[in-house]
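# Coordinate analysis (summary)
Below are the chains, spelled out letter by letter.
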Amino acid sequence: MDHIIYGDPLGASWKEIIEAGVIALLVVTLCLLKGKDLLLCDLLLFIFDPQHAQAIGLPTKVLHYGLLSLLSLAIVTALKAVGMILVISMLIAPGATAFMLTRQFQSMLIISLLIAVFNSVLGLYLSFFIDSAPGPTIILLLTANFIGVFIYTSIKNRNTEKLSSSPLSVE
């Protein structure tokens, strides 16, 4: 039970690594085969407004079950290697952090990928020196990034609101 919940990224077997690689290759291949137009236009429309997507004739059931299948494959494969808590945090934290930094979907994907990779590598490296488990170290780094970006954007938004509401008008 501990292996499923907490996982052990450093203890992953070659079988689990190969399995995760094959599933990742399958997911990336399917995304690339569908093309840029489907991935970034129809899929975004379906994600954010499924009623509109259905009204214009998109195959919403195929998109819905296709996305669920790809996500399920990726999650189940990752659960075997790194555990439930790390999978959930890697699924939510990089995207939420990137969402606070940009509103463009393509930029958000790139930023969240960079955040996930950077924190994973840094967490593994740091866990060696502070003699801790790598999974919780990665989660703590992701949490620290989220909190830091949250504070940064809050201060930035507050300053923007103060500037826009200041009574400095020339008459």
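This text goes with the structure placed above it.
Let us look at the structure shown here. (Residues numbered from 1 in each chain as written. Predicted model: local features only at pLDDT ≥ 70, side-chain atom pairs only at ≥ 80, totals over all residues. Heavy atoms only, no water.)

Per the secondary structure count, the chain includes eight helices and zero strands. Along the chain, helices and strands appear, N-terminal first, in the series α-α-α-α-α-α-α-α. Across the 171 residues that make up the chain, the buried fraction comes to 24%. Once local pairs closer than 6 in sequence are excluded, the contacts in the chain between residues at least 24 apart make up 54%. (Helix = DSSP H or I, 4+ residues; strand = E, 2+ residues; numbered from the N terminus. Buried < 20%, exposed > 50% of the residue type's maximum accessible area, 1.4 Å probe, protein only. Contact = heavy atoms within 4.5 Å.)

Its 20 residues give helix α2 (residues 14-33) an end-to-end C-alpha distance of 28 Å, which sits within 8% of 28 Å, the value for a rise of 1.5 Å per residue. Taken together, the buried positions of α2 are occupied by E16, I23 and V27. Mapping the buried residues of α2 onto a view down its axis gives an arc of 40 degrees, with all of them on the same face. Along α2, the residues that are exposed and aim more than 90 degrees away from the buried face are W14, I18, L25, L32 and L33. (Expected span 1.5 Å × (residues − 1). Arc of directions from axis to C-beta.)

Mapped onto the elements of the fold, S112 is located in helix α7 (residues 105-130). With relative accessibility at 15%, the residue S112 sits in the buried group. There is a polar contact of 3.0 Å between the side chain of S112 and the backbone oxygen of L109. Excluding anything up to four places from it in sequence, S112 contacts P94, G95 and A98. (Polar contact = N/O pair within 3.5 Å; in protein donor to acceptor, adjacent residues only side chain to side chain.)

Taking 1.5 Å of rise per residue, 23 residues should cover 33 Å, and helix α5 (residues 60-82) covers 32 Å from first to last C-alpha, within 8% of that figure. Looking at α5, one finds that the buried residues are T60, L63, L70, T77, A81 and V82. At the exit of α5 stands G83, carrying a positive phi of roughly 95 degrees.

A separate point is the packing of helix α6 (residues 84-101) against α7. Following both chains from N to C, one finds α6 and α7 inclined at 130 degrees, their axes separated by 8 Å at the closest point. Considering their axes alone, α6 and α7 lie oblique with respect to each other. Between α6 and α7 lies a crossing of right-handed hand. On α7, the residues touching M90, P94, G95, T97, A98, F99 and L101 of α6 are M108, I111, S112, I115, A116 and S120. Here the residues of the contact of α6 with α7 are counted per class, giving nine nonpolar, four polar and no charged. (Axes fitted to C-alpha atoms, helices over the stretch in contact; angles between N-to-C directions. Parallel < 35°, antiparallel > 145°, perpendicular 65-115°, else oblique. Left-handed = near helix turned anticlockwise from the far one by under 90°. Nonpolar A, V, L, I, M, F, W, Y, C, P; charged D, E, K, R; others polar.)

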